[in-house]
Amino acid sequence: MPSLGADMEHGKMVEWMVKPGDFVHRGDVVAVVDTDKTVMDVESFEEGVVSELLVDVGATVPVGTPLARITQTPDDGSGQTGHEPPGQEARVPPPVRHLAHQLGVDAAGVRGTGKRGAVTRADVERAAAARHGPVPAVKAVPGPEGALPVEAAAPVTGTAAAPRAGHVRSSPRARRLAEQLDLDLGTVPGTGPDGAVTEGDIQRAVSGRGASVPAKAAPPAEQAPPPEAPPAEEAPPSEAQERVASLRRAIGSLMTKSKKSIPHYYLSTTLDLRAAVAWMQLVNQQRPVASRLVPAALLLKATALAAREVPEVNGFFTDGVFRPSSSVHLGVAVALRHGGLVAPAIHDADTLAVDTLMQQLRDLVSRARAGRLQRAEMADPTITVTNLGDLGVEAVYGVIYPPQVAMVGLGKVVEQPWAQNGMLGVRPAVTATLSADHRVSDGLRGGRFLARIDELLQKPEEL
């Protein structure tokens, strides 16, 4: 059971994506685990044959507990291992075979576009779309200026709510709940990514089913009234409510630990976005709406580059020692639909083009809210950014996520009076704040970090 950070103590096995006898490569998704923060995909760290599953579905185990046993297979010199599935199976990873089975697609007949002809998830989804018709999709659209891009449901066709023949996309939690309630998933409109049915969709469907009594079935006036329903306060909390409460407890525990153990100091500055916004507007004129940039993309890229140049804000403080990171894995705080937040990482954000970073940001936000993040995205952010500009907040002073040593806060992009060289004008600007660990850095280095972000934003074409 992998750890997602200093606050994670245990995880619950939700679903196995492999079975004994399956051959897995390093990086293949082998299981789905539920934590206090999110539902997470667990990747294999080894290559070989799954010989035994050690944890049953539904079991909750501490961090560090072995989940499965993988037997490494010797290479016979031909590039094939002794237990690797022959023929077509060798190029279809177990998670992709699992998806193909769910979608009713014969994986052996799918043309692979991956490395060495391997069949990918996208290949299977295209095959499913060709067989069953267009698949509802989530179309990413830019958010308001200063806000992180958010996703808006935009089905490819007008029939997104209609159930498709065959497999119905759904989350593991939704499938379990539907089975418990004897509910046909095909009758439930999905609101999740790619039209997936979520736990909330199931709850709404059940609520609607219970309330939709035909008028002719209403009892006559002379009949005794039905027994009163028990008071709402006596009803047991739903699984979603319990999950939110658990998430809030985990966040509260971690933030308490952070404030007790980390000597925070705080800095703020106002970033001049005139050059960045002017360049962005010029670029966006040549682009369709769906691929236009927003200020958040430029702010995140400038933050990542500045973190690389000021290593005292980028790394981990563990066992009394600071270990700077050679990579910038930029954690992005994402508010969840049912409450709480997570901060998954955009890996190597300092090396990504602005367009690529923005695409990854949209994908990350979508998967975080759908509860399908990967272990590495949750476990290794080296510095975190929180952006509350879309809520109208002009400045935010964050609490550091241990064992990280810094958090950057970004507010709303606003027009401000700006004096320069004796002249007064109006410019778009944003308040950027830094919460940093005084054991590692001080005001001099923290100030240099914020100043470097401002300098980078004055030449947005070079980001």
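Before any of the text, the structure's been laid out above.
All of these numbers come straight from a predicted model, not from anything done at the bench. (Residues numbered from 1 in each chain as written. Predicted model: local features only at pLDDT ≥ 70, side-chain atom pairs only at ≥ 80, totals over all residues. Heavy atoms only, no water.)

## Observations concerning unusual backbone geometry
Each neighbour pair has its own omega, and for Pro402 with Pro403 the value is 10 degrees, a cis peptide bond. In this fold, Pro403 is placed in the loop between strand S18 (383–387) and strand S19 (406–410). Look at Asp348: it is not a glycine, yet its phi comes out positive at around 50 degrees. Mapping Asp348 onto the fold places it in the loop between strand S16 (345–346) and helix H8 (354–370). Even without being a glycine, Asn421 presents a positive backbone phi close to 55 degrees. By the secondary structure assignment, Asn421 is in the loop between strand S20 (414–420) and strand S21 (423–437). (Helix = DSSP H or I, 4+ residues; strand = E, 2+ residues; numbered from the N terminus.)

## Quick notes on the nonpolar core
Grouped together as the largest cluster of nonpolar side chains are 62 residues, with contacts concentrated most on Leu271, Leu273, Ile383, Phe449, Ile453, Leu457 and Leu463. For this core, the leading source of residues is helix H7 (residues 295–309), giving ten residues. Within the second largest apolar cluster, 15 residues are counted, among which are Met1, Met13, Met40 and Val50. (Core = buried A, V, L, I, M, F, W, Y, C linked by side-chain atoms within 4.5 Å. Buried < 20%, exposed > 50% of the residue type's maximum accessible area, 1.4 Å probe, protein only.)

## Some remarks on the sheet that holds strand S3 (residues 29–34)
Pairing within the open sheet is mixed, and its five strands lie in the order S6-S1-S3-S4-S17. Single-partner strands in this sheet number two, and they are strand S6 (60–62) and strand S17 (373–374). The sheet contact formed by strand S1 (residues 10–16) and S6 spans three bridges and is antiparallel. Across the sheet, His10 pairs through a bridge with Pro62, a residue of S6. (Pairing = 2+ DSSP bridges.)

## A short note on the sheet that holds strand S5 (residues 48–53)
Two strands in a sheet stick together by hydrogen bonds in their backbones, pointing the same way (parallel) or opposite ways (antiparallel). The three strands lie next to each other as S2-S5-S7, forming an open sheet whose pairing is antiparallel. Taken across any chain shown, the strands that pair with only one partner, and hence form the sheet edges, are strand S2 (23–24) and strand S7 (68–71). By the bridge criterion, two bridges tie S2 to S5 in an arrangement that is antiparallel. Paired with Phe23 across the strands is Val49, a residue of S5.

## Quick word on the pairing of strand S4 (residues 39–43)
Counted residue by residue, S4 has five buried out of five residues, so it is predominantly covered. Side chains of S4 alternate between two faces, with Val39, Asp41 and Glu43 and Met40 and Val42 buried alike. For S3 and S4, the ladder comprises five bridges, and the chain directions are antiparallel. Looking across to S4, one finds that Val29 is bridged to Glu43. Bridge count for S4 against S17 is two bridges, and the pairing is parallel. Within S17, the position partnered with Asp41 by the bridge is Gln374.

## Comments concerning H7
Taking 1.5 Å as the rise per residue, H7 with 15 residues should run 21 Å; its terminal C-alpha atoms sit 21 Å apart, in good agreement. Across the 15 residues of H7, 13 count as buried, placing the element largely inside the fold. (Expected span 1.5 Å × (residues − 1).)

## Remarks on the pattern of salt bridges
A full pass over the atoms with the stated rule returns twelve salt bridges. A salt bridge links Arg367 to Asp363, with the shortest nitrogen-to-oxygen separation between them at 2.9 Å. Of this pair, Arg367 and Asp363 are both found in helix H8, four residues apart, which corresponds to roughly one turn of the helix. Given a relative accessible area of 39%, Asp363 falls into the partly exposed group. One salt bridge connects Arg448 with Glu455, and the closest N-O pair in it is separated by 3.1 Å. For Glu455, a relative accessible area of 34% corresponds to the partly exposed category. One network of salt bridges, in which partners are shared, links Glu309, Arg448, Arg452 and Glu455. (Salt bridge = Lys/Arg side-chain N within 4 Å of Asp/Glu carboxyl O.)

Shape descriptors only; they carry no functional weight alone.
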